[in-house]
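A look at the structure
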Amino acid sequence: MTAIVDVRGIKKIYGHGNTEVRALDGVDFQVQPGEFVAVMGPSGSGKSTCMNIVGCLDPPSAGRYHFCGLDIARFNRDELAMLRRHYLAFVFQSFNLIPRTTALENVALPLVYQGVKPAERNARALRALASVGIAERADHTPSELSGGQQQRVAIARALVTEPTLLLADEPTGNLDTATTEEVLHLLKQLNHERDLTILLVTHEPEVALHTQRVLWFVDGKLVNDGTPDEVLS
Amino acid sequence: MRTVDIFSMAFVAIARNKVRSFLTALGIIIGVGSVIAMVHLGQAATQSVADNISQMGSNLLVVSTGRGGRGPGGVRIVSKPFTHEDVEAIRNDVRGVLVAPTVTTNQNLVHGNVNHNGSVLGTTNEYFPTRNWDLAGGRLFTDEEMYTAARVCVLGSTVTRTLFGGSEPIGQTIRVGRSSCEVVGILAPKGASFGQDLDDVVAMPITSVQSRIVGHRDIRTIFISAIEDGTTSRVHDEIDELLRHRRGSSMEDDFFVRDMQEVADTLEGTTRTLTMLLGAIAAISLLVGGIGIMNIMLVSVTERTREIGVRIAIGARVRDVLWQFLVEAVAISCLGGILGVGLGIVGTYVATDKMELPFLLSTEVMLIGFAFSVAIGVIFGYVPARKAANLNPIEALRHE
Ligand SMILES: Nc1ncnc2c1ncn2[C@@H]1O[C@H](COP(=O)(O)OP(=O)(O)OP(=O)(O)O)[C@@H](O)[C@H]1O
Ligand SMILES: [Mg+2]
């Protein structure tokens with residue numbers, strides 16, 4: 001079976017000489033289809049950098065990255081955009097919904113870039129909103145929604161294209177405990193029911209305990225890789 | 001991404017910020033408006049000059065005695081007048097012309113108890129076709145009347161109105177200076193040319209004016225019309241040569257021939273240059289409007305940096321973002337262009353009304369004005385759009 005994510009010797013180096021920062025310093029790991037993986041480690045250890053590379057938003061300075069068996073280094077900008085449009089999806093800590101635009105339109109946006117027609121777009125967006133339990137807020141703009149609701153809309157936007165891999169960088173970082181539980185429950189459910197592969201960055205062990213596997217980063221290196229119980233103990 | 005969606009995105013963004021979009025477009029509105037108003041005004045002025053000149057008569061040449069130079073010792077010399085024989089010579093030797101010698105004088109005109117100071121013109125029947133002037137009633141002069149210096153006259157419409165009000169003038173007698181005179185015809189209104197009322201005139205046989213009113217046989221001005229179009233310059237040359245020969249003038253001509261076509265061309269050339277100058281000045285304001293659009297679009301790109309980052313992250317291509325912002329800029333400037341055309345029409349109307357110029361709209365000018373606004377949108381929208389399209393998504397997503 002082809003791994004969804006296969007990184008080997010990935011490095012990301014910012015600046016040079018004295019000011020050189022090794023955000024990632026030789027990282028290897030694979031993620032298999034259907035895995036729910038937590039990415040953890042202290043602040044500045046390279047978690048977000050790793051997510052950006054896996055999400056094809058940023059090229060690595062060195063090393064190889066295969067996404068579903070495809071060598072990313074061979075892809076140009078538009079082809080990478082195509083990968084993000086059809087196979088990848090992001091959920092951010094700060095929701096990043098487009099302001100003054102309804103939930104429905106926000107969710108439909110990836111389909112706009114796929115060239116889907118409005119009727120189908122809206123039907124699919126509404127279904128995605130329903131699947132995260134917020135269909136009744138379809139006509140509300142982000143400023144009219146709570147943080148938890150906004151994050152649900154963001155998840156609906158990530159789901160609407162039926163991606164292969166969901167990348168969530170601290171999706172619960174701005175949410176209280178109760179809402180965090182709700183969002184995690186939702187992600188777990190998607191992982192179970194749709195077999196969606198998820199990479200999730202978090203600082204909270206309680207969050208990581210919901211996952212099947214934890215990658216622990218320190219100073220740009222992957223120092224531990226195992227089940228939550230093994231890594232967190 | 002479908003083209004419709006690019007456009008709807010742009011219009012949604014514009015509609016969401018109506019006031020700001022309007023302010024952004026304001027520079028273009030004023031720019032296009034002033035270009036259109038200025039060029040239209042210039043064209044109206046050109047038209048009005050052309051009208052004024054064609055009022056005088058087409059293919060018209062006006063031959064006058066020189067204003068006279070200064071003789072030895074600075075004594076002012078009045079150049080000698082034309083004679084009846086000069087007129088006959090032109091008639092016989094120059095092909096294809098109507099020749100109308102004239103004598104003018106100001107006289108008191110009286111009918112009943114109405115007194116009017118008007119211009120009296122002694123001439124021949126050729127004068128009227130030469131100046132494209134029709135009779136409104138009655139007749140012109142007979143050969144016999146010309147020959148016998150009869151006391152008959154033809155009235156311009158202003159004189160008719162002043163002296164007769166509503167009553168029938170033909171057959172009536174008026175007093176011109178000290179002699180009385182029968183009205184045999186009235187002229188159609190001719191209007192004004194360069195501010196002078198052409199209808200304030202009483203025309204009489206030249207012989208009558210010479211012998212009964214002014215008391216001399218001097219002819220100072222001869223109106224000549226080339227019958228065939230395009231022959232005025234030949235006629236001009238032939239008259240020059242003939243008069244030079246007849247008047248035996250030594251070095252300098254003591255007469256001059258004004259070709260109305262030349263005058264018209266010169267004046268039209270001048271107003272055309274002026275039009276272009278005004279248009280160019282107005283175009284600068286259009287340029288400033290374009291810079292305004294660029295400015296606001298750059299601010300807007302900065303404000304929406306995060307949004308752009310999201311769009312790129314969810315799969316927008318470079319050209320999708322580029323088009324989105326370019327179309328937005330072009331749409332704003334197009335709206336500005338449309339409103340500007342409206343403003344230009346209103347401005348032209350108000351200005352031509354004030355300046356008593358003809359109100360004429362040129363589709364060409366309006367289309368060019370509008371096309372300018374589109375071009376400005378593309379040119380000045382490109383820089384911000386490219387900035388947006390080339391944003392690094394990671395930095396954009398981190399942007400506060
Ligand atoms: N554009 C950049 N230029 C220079 N250094 C950078 C840049 N982006 C990230 N870094 C550095 O790379 C390192 C890793 O950053 P990264 O954002 O991946 O950390 P992180 O693990 O996500 O931290 P956090 O938990 O605080 O989000 C940090 O030391 C950071 O300062
Ligand atoms: Mg981070």
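Residues numbered from 1 in each chain as written. Chains lettered and ligands numbered in written order. Predicted model: local features only at pLDDT ≥ 70, side-chain atom pairs only at ≥ 80, totals over all residues. Heavy atoms only, no water.

Time to look at the nonpolar core. Core analysis: the largest hydrophobic core is formed by 71 residues, its most contacted members being A:Val5, A:Phe29, A:Val54 and A:Tyr65. Looking at which element gives the most residues to this core, the answer is helix 11 (residues 318–355) of chain B, with 8 residues. In this structure A:Val54 touches A:Val5, A:Phe29, A:Tyr65, A:Leu88, A:Leu165, A:Leu167 and A:Leu199, once residues within four positions along its chain are discounted. Within the second largest apolar cluster, 60 residues are counted, among which are B:Ile53, B:Leu61, B:Leu187 and B:Phe223. (Core = buried A, V, L, I, M, F, W, Y, C linked by side-chain atoms within 4.5 Å. Buried < 20%, exposed > 50% of the residue type's maximum accessible area, 1.4 Å probe, protein only. Helix = DSSP H or I, 4+ residues; strand = E, 2+ residues; numbered from the N terminus. Contact = heavy atoms within 4.5 Å.)

Around ligand 1, the surrounding shell holds 13 residues, and the nearest of these are A:Ser43, A:Gly44, A:Lys47, A:Ser48 and A:Thr49. Those residues lying near ligand 1 are distributed over chains A and B. With respect to ligand 1, the side chain of A:Ser43 contributes an N or O atom lying 2.5 Å from an oxygen atom. Taking A:His203, its side chain carries an N or O atom lying 3.0 Å from an oxygen atom of ligand 1. Here ligand 1 loses 67% of its free accessible area of 630 Å² to cover by the protein chains. Contributing elements (two or more residues each) for the shell around ligand 1: strand 2 (21–31) and helix 1 (47–54) of chain A. Of all the elements, helix 1 of chain A adds the most residues to the shell around ligand 1, at 3 residues. (Near = heavy atom within 4 Å. Polar contact = N/O pair within 3.5 Å; in protein donor to acceptor, adjacent residues only side chain to side chain. Areas by Shrake-Rupley, 256 points an atom, 1.4 Å probe, with all protein chains shown as cover.)

With that settled, the discussion passes to empty space enclosed by the protein. Rolled over the atoms, a probe as big as a water molecule pinpoints where empty space is left. Residues and elements named next belong to chain A. This model, assessed by the stated rule, comprises 1 cavity of 30 Å³ or more. Quantified by volume, the largest cavity comes out at close to 70 Å³. For the lining of the largest cavity, the secondary-structure elements that each account for two or more residues are helix 2 (77–86), strand 6 (88–92) and helix 5 (147–159). When residues in the lining of the largest cavity are grouped by element, the largest group, 3 residues, is from strand 6. Looking at the lining of the largest cavity residue by residue, the class counts come to 7 nonpolar, 1 polar and 3 charged. (1 Å grid on protein atoms, 1.4 Å probe; cavity = no way out; pocket = protein on both sides within 12 Å on 5 of 7 lines; lining within 4 Å. Points joined across faces, edges and corners; volume = space filled by probe spheres on them. Nonpolar A, V, L, I, M, F, W, Y, C, P; charged D, E, K, R; others polar.)

What follows is about the interface of chain B and chain A. In this assembly, 24 residues from chain B lie in contact with 26 residues from chain A. Carbon and sulfur atoms make up 56% of the surface buried where chain B meets chain A, a total of about 2,300 Å² over both sides. Between the two partners, chain B and chain A, sit 2 salt bridges. The partner of B:Arg319 in a salt bridge is A:Asp78, and the shortest N-O contact between them spans 3.1 Å. The interface formed by chain B and chain A holds 10 residue pairs in polar contact (both at pLDDT 80 or more) in total. Here the element with the most residues in the side of chain B that touches chain A is helix 10 (residues 305–313) of chain B; it accounts for 6 residues. Partitioning the side of chain B that touches chain A into residue classes produces 11 nonpolar, 4 polar and 9 charged. (Buried area = accessible area lost by both parts, 1.4 Å probe. Salt bridge = Lys/Arg side-chain N within 4 Å of Asp/Glu carboxyl O.)

Quick look at the layout of surface pockets now. Estimates place the volume of the largest pocket at around 810 Å³. Contributing to the lining of the largest pocket are 39 residues, with A:Ile98, A:Thr101, B:Val12, B:Arg16 and B:Arg311 lying nearest its centre. Listing elements by their share of the lining of the largest pocket, those giving two or more residues are helix 3 (103–114) and helix 4 (118–131) of chain A together with helix 1 (3–16), helix 2 (18–56), helix 9 (260–303), helix 10 and helix 11 of chain B. It is helix 1 of chain B that provides the largest number of residues to the lining of the largest pocket, a total of 7 residues. Residue composition of the lining of the largest pocket, by class: 15 nonpolar, 11 polar and 13 charged.

We now examine the domain arrangement of chain B. Segmenting chain B into domains produces domain 1 (3–52 + 266–398) and domain 2 (80–253). Just the C-alpha atoms count here: the centres of domain 1 of chain B and domain 2 of chain B sit 57 Å apart. (Domains from an automatic or database assignment.)

Moving on to the domain arrangement of chain A. By a frequent convention, interface size equals the accessible area lost on bringing the separate parts together. All names here are of chain A. Along its sequence, chain A is carved into domain 1 (5–87 + 165–232) and domain 2 (101–162). Centre-to-centre separation of domain 1 and domain 2, based on C-alpha positions: 24 Å. In this assembly, 13 residues from domain 1 lie in contact with 14 residues from domain 2. Each partner contributes to the roughly 1,100 Å² buried at the junction of domain 1 and domain 2, and carbon and sulfur atoms together form 65% of this total. By the criterion of area lost to domain 2, the three top residues of domain 1 are Arg 85, Leu 186 and Arg 194, representing 41% of everything that side buries. Between domain 1 and domain 2 we count 1 salt bridge in total. Its salt-bridge partner being Glu 182, residue Arg 152 comes within 2.9 Å of it at the nearest N-O pair. Listed by contribution, the elements that provide at least two residues to the side of domain 1 that touches domain 2 are helix 2 and helix 6 (177–194). With 7 residues, the single largest contributor to the side of domain 1 that touches domain 2 is helix 6. Class assignment for the residues of the side of domain 1 that touches domain 2 results in 8 nonpolar, 2 polar and 3 charged.

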